[in-house]
Amino acid sequence: MASAASSLGGPGGNERFNQEAAAWDSNPFVHQMSEEASKALQKHVPGLQSEGDAKKLDVLEIGCGTGLLSFMIAPKVHEVVAVDAAQGMIDVLKTKIEKSDIKNIVPVAVLLEDPEDPALPPADGDVPNGPRRKYDLITSHLVLHHIPDIKPVLKTMLGCLKPGGELGLTDFEDFGPEAKRFHPESKMGGVYRHGINAKWMTALMQEVGFVDVDVKVAWDHNKRVERWPGEFPPGEPIGDRGEKMNFTYVLCTGKRAEG
Ligand SMILES: C[S@@+](CC[C@H](N)C(=O)[O-])C[C@H]1O[C@@H](n2cnc3c(N)ncnc32)[C@H](O)[C@@H]1O
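Residues numbered from 1 in each chain as written. Predicted model: local features only at pLDDT ≥ 70, side-chain atom pairs only at ≥ 80, totals over all residues. Heavy atoms only, no water.

- Per an unreviewed UniProt entry, the chain goes by Methyltransferase type 12 domain-containing protein and derives from Lithohypha guttulata.

## Things to note about the sheet that holds strand β5 (residues 161–172)
Reasoning step 1: The sheet built from 7 strands is open, its strands ordered β3-β2-β1-β4-β5-β7-β6 with mixed pairing. A strand with exactly one partner marks an edge of an open sheet, and here the two such strands are β3 (105–109) and β6 (211–225). For this sheet the average axis-to-axis angle between neighbouring strands, irrespective of direction, equals 15°.
Reasoning step 2: As paired strands, β6 and strand β7 (residues 243–255) are joined by 12 bridges and run antiparallel to one another. Considered in β7, the bridge of Arg 224 is made with Lys 244. (Pairing = 2+ DSSP bridges. Helix = DSSP H or I, 4+ residues; strand = E, 2+ residues; numbered from the N terminus. Axes fitted to C-alpha atoms, helices over the stretch in contact; angles between N-to-C directions.)

## Digging into helix α6 (residues 87–99)
Reasoning step 1: If you check α6, its first and last C-alpha atoms are 19 Å apart, about what 13 residues at 1.5 Å a residue would give, namely 18 Å.
Reasoning step 2: Burial in α6 covers these residues: Gly 88, Met 89, Ile 90, Leu 93 and Ile 97.
Reasoning step 3: Contact partners of the buried residues in α6: α2 (14–20), α5 (68–73), β2 (79–84) and β3. (Expected span 1.5 Å × (residues − 1). Buried < 20%, exposed > 50% of the residue type's maximum accessible area, 1.4 Å probe, protein only. Contact = heavy atoms within 4.5 Å.)

Given below as structure tokens:
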């Protein structure tokens, strides 16, 4: 079985995101979809709805990219630990934090495979080598389709949650063979599945040990897709090329059992 590390380290994965990091935020699509993910999460997670208790939540975002979703969540929570396997993405995020008033985002460059990874913040700042912090909420947006084997990553997420802590993962839905059109030919590197199938994901989350599992469509969006493979050359804005196709996006929720 290929580990997440080995696959993302290849030419299609991590390298691609390092190259794309500097221009990532210039694509309106990634902003729109992060906003939809943020809205979907706020509807589902009570702690994100009211400014009052919300500030208590410790959040871990896996595959944060340049931190688009992290910046939307951070004002409502205690702290967001934002991890990404691509150092280029984390470098852009660090620059954005420096220029922002929002300071409660902790960027970490790591391919997360172990809840006790020393790169993660410790539970107790006075014991830097002690157990790692546990979280009230774990998010990840448009990341699951880049992970070759989701089961070990779900196990890692379970291990990062506090008892009763929640998972809220968003990605496009695998609604059938046409879902393949989500990515243009030039961006197929590092894509391990064409979206998330709700039935399959529900079963997997339950198998890993999450409780109160629910995987449902949370929003939809018309995306420009290629009419033929290669219509959108790499590095060029899509503009009004291609054709529009409707994609649905799922919110995958579940909890770590109490106690
Ligand atoms: C399509 S990008 C999405 C970035 C961001 N969530 C957004 O929507 O703008 C996927 C990101 O997930 C990261 N990634 C994929 N698998 C990962 C893993 N196991 N651990 C950490 N980051 C991962 C990649 O490096 C990449 O930056």
